[in-house]
Amino acid sequence: MRLGGDLGRLIDAVWTERVDFARLEALVPEDYASHWQETLKFLKIITEFWPAILADSGETDPAQRRNLVLETQARLWQAQPPQGPVIAAGSTGSIAATTDLLNVIARLPQGAVVLPGLDQSSDEETWQAIRADESHPQHGLAHLIDLLGVERGAVAAWTDAPEPRGVRAGLIAEAMRPAATTEGWRELDGIDGSALDGLMRIDAATAEEEATVIALLMRHALETPEKRAALITPDRNLARRVAMALARWGIEVNDSAGRPLAHTAAGTYLRMTAELAASRVHPLALLALAKHPLAAGARDSSDFRGAARALERLVLRGPRPAEGFEGVLAALEATERFDSDRQKAFLTDWLTGLQRLAAPFLEAMRGEADRGQAPLGDLLRTHIAFCEALAADDEEDGPGRLWRQDDGEEAAAFVHDLLEAADGFPPMPTKDYPALLDALMSARPVRPRFGMHPRLFILGPMEARLQHLDLTILGGLNEGTWPPDAAADPWMSRPMRRDFGLPSPERLIGLSAHDFAHACGAPEVVLTRAERVEGTPTVPSRWLLRLETVLRALGLDGRIDAAGDCWLAWARRIDEPEAVRPVAPPEPRPPVAARPRKLSVTQVETWMRDPYAVYARHVLRLSRLDPIAADPGAADRGQFIHAALDAFVREYPDALPPDALPRLIELGRESFGTLLHSHPDVWAFWWPRFQRVAEWFVSVERERRRAVRPLATEVSGQLELHGPAGPFLLTAKADRIDRSPDGLVLIDYKTGTPPSTREIELGFAPQLPLEAAIAAAGGFSGIDAAPVAELSFWRLAGGDPAGEEKPVKGDPADLATAARIGLEDLIRHFDAESTPYRSCPRPAMAPRYTDYAHLARVQEWSAGGGEGE
């Protein structure tokens with residue numbers, strides 16, 4: 001679609017320059033690279049097929065029609081010259097047919113052609129250089145007066161009165177001097193400091209800072225009665241930033257370029273409904289649409305969004321349900337986390353109603369015979385029917401809510417135009433339908449009709465020609481923005497364009513330069529740029545660099561920069577607080593009665609490393625929400641491997657069968673489940689690692705079973721301890737407990753990195769020692785009290801090596817005793833209400849990851865200023 005737009009612009013350029021399409025055949029393909037040769041063959045579409053299409057429909061190209069209108073008007077006035085005044089003002093003659101009309105107007109009895117900003121002060125040598133330099137702002141006017149057959153000196157001035165800003169105009173003209181004559185900068189005269197009156201330059205650090213400075217300048221202009229100010233820029237991102245910055249004072253400014261339909265409420269609604277069907281009801285697409293202000297489903301809109309939030313919390317956070325509404329309904333039926341039976345019934349009814357509304361559109365998106373292709377017209381009609389039905393609320397029908405306001409009216413016109421064009425469109429892949437809509441809507445502007453500010457404006461360079469302003473702010477003066485980079489032509493290279501007779505990209509730069517020079521004529525002019533945009537360093541516009549060079553030659557270097565320092569300072573301070581107080585680490589001290597009296601062995605490790613996490617989870621009862629439609633992560637991988645090994649050991653508690661490895665692989669398939677085929681990364685990365693782990697595991701088990709017998713896997717246990725505030729229950733779930741001739745062996749499977757010996761000795765990894773204490777006390781279900789002979793981590797990485805036994809150094813009994821004493825000390829310590837739950841009190845032993853770092857504002861106080869222990 002975008003290439004089609006470029007092809008249309010090529011056709012327009014051919015008509016604008018009055019080039020014969022037949023000249024394409026005169027281009028010698030052998031003179032160009034092979035891919036351009038293929039392009040020349042393709043361009044037969046506009047020399048052979050496109051004219052036939054136009055002839056069949058009785059239509060013509062827009063640019064050709066414009067030429068015909070201008071040519072006809074010129075012939076009419078030549079045949080019957082009007083006796084009244086006819087004035088053509090502001091044109092640079094960039095269109096050939098317009099130049100012919102200007103030629104006729106100039107020769108009418110009362111005809112007049114007003115040239116915008118013709119330079120009549122340059123010497124003849126410079127003027128000749130301007131004629132040859134397409135990137136010069138005066139090149140277009142020089143070309144125009146040549147075609148009009150008029151000498152530059154014969155053009156009369158608009159007024160005999162001296163131009164009050166003539167000195168500045170001379171400075172800008174000098175800065176724009178053609179490259180062939182820049183040696184004239186060595187001997188500059190006739191320009192003094194008065195040329196800088198009302199001229200200011202501001203170099204902001206970032207685009208956000210530039211927008212804030214511009215907004216301040218425009219807000220300040222309102223302090224002067226009747227003063228009119230405008231930002232002139234081709235950078236639409238900067239324009240949007242400035243409009244948002246002005247909104248802090250309740251000022252709405254009209255951007256002459258408007259907003260792309262795709263970025264409006266109606267446009268995003270159309271796109272989101274299409275993405276819902278194209279994604280087969282992906283949870284993100286479903287929630288984005290359900291929370292859109294236009295979505296109501298014939299209900300109260302607040303109830304509709306409330307249902308979406310409840311569905312998100314209960315079903316859509318975590319692994320993605322199966323595709324389609326059926327999958328979401330099945331997940332809804334399977335969950336048991338409802339607040340009440342009424343909530344379940346309400347959500348089921350809400351989701352079923354949404355499924356019913358979307359059913360025809362979803363069916364159309366499957367394509368004809370489920371081939372994934374469908375006619376554009378069919379897709380669009382069922383799509384709009386779904387949009388209108390979903391937009392209805394309990395008070396108003398869908399069309400009434402959807403097609404109102406400026407964006408709704410423009411969206412309605414867009415849909416009407418697309419329906420008219422869709423009949424000739426071939427069947428398209430339905431998966432591309434949302435992207436097609438987005439591409440088309442992005443080229444369709446929405447402009448507000450009223451309610452904008454009467455004295456502040458945001459204008460493009462061309463629209464600014466038509467305005468008289470007291471303050472102009474020329475924003476975005478960076479190379480690539482103003483002047484813009486020459487757009488790459490996908491259909492013709494530079495030599496091909498030249499040989500065909502199309503203008504070079506330098507002509508567009510010349511027109512842009514003319515707009516820049518013209519905008520510099522206001523009483524007050526501010527030139528702004530950002531040194532970085534989106535984090536990338538920028539290069540100042542060539543016009544700013546030329547102006548710097550001229551001012552340096554005049555001895556006026558730095559004069560226009562200094563005036564902007566105060567605006568930069570104000571922009572940087574506008575959002576600064578009056579005082580910045582250091583943030584101390586949090587030290588919550590809840591009542592002892594609110595403190596936890598039951599923790600698992602893994603949570604005891606968290607208690608040692610990050611007490612604040614225990615406070616947030618067990619006192620505040622806060623837990624992290626899972627991502628929406630979450631992909632499986634490292635924790636899921638560990639659970640799948642644990643589940644497969646657990647099932648294998650339970651199935652074969654004694655000797656292993658001959659087919660042990662195939663059986664473990666099969667149990668692994670069952671454990672991984674549908675993820676093995678629905679997630680390519682699981683199949684490509686996780687599954688090969690599991691196969692290597694399985695091979696290593698079976699090999700180790702065959703050797704171990706000669707002397708060691710598994711007793712239990714995934715077995716729960718507990719141990720009651722005592723503290724000043726009463727009993728404290730320690731719980732655990734051991735991955736595996738074996739019996740050896742010397743006693744019990746406690747094994748912990750690790751798919752990550754096991755803790756170091758130092759961490760275990762210091763009590764920062766107490767899991768296995770505390771499990772040993774529980775086992776020694778007979779706290780594990782079904783296992784009698786017995787001495788512990790070994791503590792071991794089995795590292796199951798699946799790499800090289802695939803697995804590794806890492807026994808814990810030291811006597812297990814001593815480690816268990818030390819861990820129990822340490823835990824009892826910790827309980828006594830936190831049973832005192834004066835003991836705070838600090839966040840990561842020992843940074844060297846902080847956990848690798850915590851869900852509560854943001855809640856504890858760790859990045860603020862750890863950067864300095866806090867006084868934590």
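Quick look at the structure, then. (Residues numbered from 1 in each chain as written. Predicted model: local features only at pLDDT ≥ 70, side-chain atom pairs only at ≥ 80, totals over all residues. Heavy atoms only, no water.)

From N to C terminus, the protein chain includes 36 helices and 19 strands. Its C-alpha atoms give the protein chain a radius of gyration of 38 Å, more than 25% over the compact-globule value 29 Å for 869 residues. With respect to the three principal axes, the spread of C-alpha positions in the protein chain is 120 × 70 × 65 Å. For the protein chain, the proportion of its 869 residues judged to be buried stands at 45%. Counting only contacts in the protein chain whose residues sit at least 6 apart along the sequence, the fraction spanning at least 24 positions is 76%. Working note: accessible area of the protein chain is about 43900 Å², and carbon and sulfur atoms make up 52% of it. When the 95 positive and 127 negative side-chain charges of the protein chain are each reduced to one mean point, those points stand 4 Å apart. (Helix = DSSP H or I, 4+ residues; strand = E, 2+ residues; numbered from the N terminus. Rg over C-alpha atoms; globule rule 2.2 N^0.38 Å. Buried < 20%, exposed > 50% of the residue type's maximum accessible area, 1.4 Å probe, protein only. Contact = heavy atoms within 4.5 Å. Areas by Shrake-Rupley, 256 points an atom, 1.4 Å probe, with all protein chains shown as cover. Lys, Arg positive; Asp, Glu negative; His and termini not counted. Charge placed at Lys NZ, Arg CZ, Asp CG, Glu CD.)

Here we take up the nonpolar core. Counting residues in each nonpolar core, the largest one holds 61 residues, and the members touching the most others are Tyr 269, Leu 311, Phe 325, Trp 350 and Tyr 433. Of all elements in the fold, only helix H12 (265-278), helix H13 (283-290), helix H14 (301-316), helix H15 (324-334), helix H16 (341-366), helix H17 (376-391), helix H19 (405-422) and helix H20 (433-442) reach the threshold of two or more residues within this core. The biggest single contributor to this core is H16, with nine residues. (Core = buried A, V, L, I, M, F, W, Y, C linked by side-chain atoms within 4.5 Å.)

Time to look at the side chain of Thr 39. In this structure, Thr 39 sits in helix H3 (residues 34-42). Take Thr 39: its relative accessible area is 12%, and that puts it in the buried class. Thr 39 has contacts with Pro 490 and Trp 491, leaving out every residue within four places of it along the chain.

The terminal C-alpha atoms of helix H23 (residues 505-519), which comprises 15 residues, lie 22 Å apart, in line with the 21 Å expected from a rise of 1.5 Å per residue. Of all the positions in H23, only Pro 505, Ile 509, Gly 510, Ser 512, Ala 513, His 514, Asp 515, Phe 516 and Ala 519 are classed as buried. (Expected span 1.5 Å × (residues − 1).)

Relative to strand S18 (residues 788-795), strand S17 (residues 743-750) is paired through seven bridges, and the arrangement is parallel. Residue pairing for S18: Tyr 749 is matched across the bridge by Trp 794. Across four bridges, S18 lies against strand S19 (residues 804-807) in antiparallel orientation. For Arg 795, the partnering residue across the bridge sits in S19 and is Glu 804. (Pairing = 2+ DSSP bridges.)

What follows concerns the packing of helix H27 (residues 601-609) against helix H28 (residues 611-619). In contact at an axis separation of 5 Å, H27 and H28 are set at 125° when each is read in the N-to-C sense. Accordingly, the angle class assigned to the pair H27 and H28 is oblique. Contacts between H27 and H28 pair Gln 603, Thr 606, Trp 607, Met 608 and Arg 609 from the former with Pro 611, Ala 613, Val 614, Arg 617 and His 618 from the latter. For the contact of H27 with H28, a count of residues per class yields five nonpolar, three polar and two charged. (Axes fitted to C-alpha atoms, helices over the stretch in contact; angles between N-to-C directions. Parallel < 35°, antiparallel > 145°, perpendicular 65-115°, else oblique. Nonpolar A, V, L, I, M, F, W, Y, C, P; charged D, E, K, R; others polar.)

Here we come to the packing of helix H1 (residues 2-16) against helix H4 (residues 44-57). For the pair H1 and H4, interaxial distance at closest approach is 11 Å and the crossing angle is 85°. In terms of their interaxial angle, H1 and H4 are classed as roughly perpendicular. For the pair formed by H1 and H4, the contact residues are Leu 7, Leu 10 and Ile 11 on the first element and Ile 45, Ile 46 and Trp 50 on the second. Split by residue class, the contact of H1 with H4 holds six nonpolar, no polar and no charged.

What follows covers the environment of Ala 169. One can find Ala 169 in helix H9 (residues 166-175). The partly exposed category is assigned to Ala 169, whose relative accessible area is 44%. C-alpha of Ala 169 to C-alpha of Gly 117: the two residues are 52 residues apart in sequence and 9.4 Å apart in space.

Attention shifts here to the pattern of salt bridges. Overall, the coordinates contain 61 salt bridges when judged by the stated rule. The salt bridge involving Arg 152 is made with Glu 124; its shortest N-O contact spans 3.8 Å. With Arg 152 in the loop between helix H8 (139-148) and H9 and Glu 124 in helix H7 (residues 124-132), the pair connects residues that are 28 residues apart, well separated along the chain. According to the relative accessible area criterion, Arg 152 is buried, its value standing at 11%. As a salt-bridge pair, Arg 497 and Asp 489 come within 2.8 Å of each other at their nearest N and O atoms. Residue classification places Arg 497 among the buried residues on the basis of a relative accessible area of 18%. Salt bridges here are not isolated pairs; linked through shared partners, they connect Glu 701, Arg 704, Arg 705, Arg 736, Asp 738 and Glu 805. (Salt bridge = Lys/Arg side-chain N within 4 Å of Asp/Glu carboxyl O.)

Considering the arrangement of structural elements, one finds His 292 in the loop between H13 and H14. Sequence-distant contacts of His 292, defined by excluding residues within four places in its chain, comprise Ala 265, Thr 268, Tyr 269, Met 272 and Arg 305.

We now examine unusual backbone geometry. Cis rather than trans, the peptide bond between Trp 482 and Pro 483 has omega equal to 10°. Looking at the secondary structure, you find Pro 483 in the loop between strand S11 (471-474) and helix H22 (494-500). Omega for the bond connecting Asp 800 with Pro 801 falls within 30 degrees of zero, at 5°, which places this linkage in the cis form. Looking at where Pro 801 falls in the secondary structure, it is placed in the loop between S18 and S19.

In this section: the environment of Phe 672. Following the sequence through the fold, Phe 672 ends up in helix H30 (residues 660-672). Here Phe 672 falls in the buried class, since its relative accessible area comes to 2%. Residues Phe 672 and Ala 643 lie 29 residues apart in sequence; the distance between their C-alpha atoms is 9.1 Å. Non-local contacts of Phe 672, meaning those with residues more than four positions away in its chain, are made with Phe 640, Val 682, Trp 686, Trp 687 and Phe 690.

Bear in mind that shape data such as this cannot, by itself, settle questions of function.
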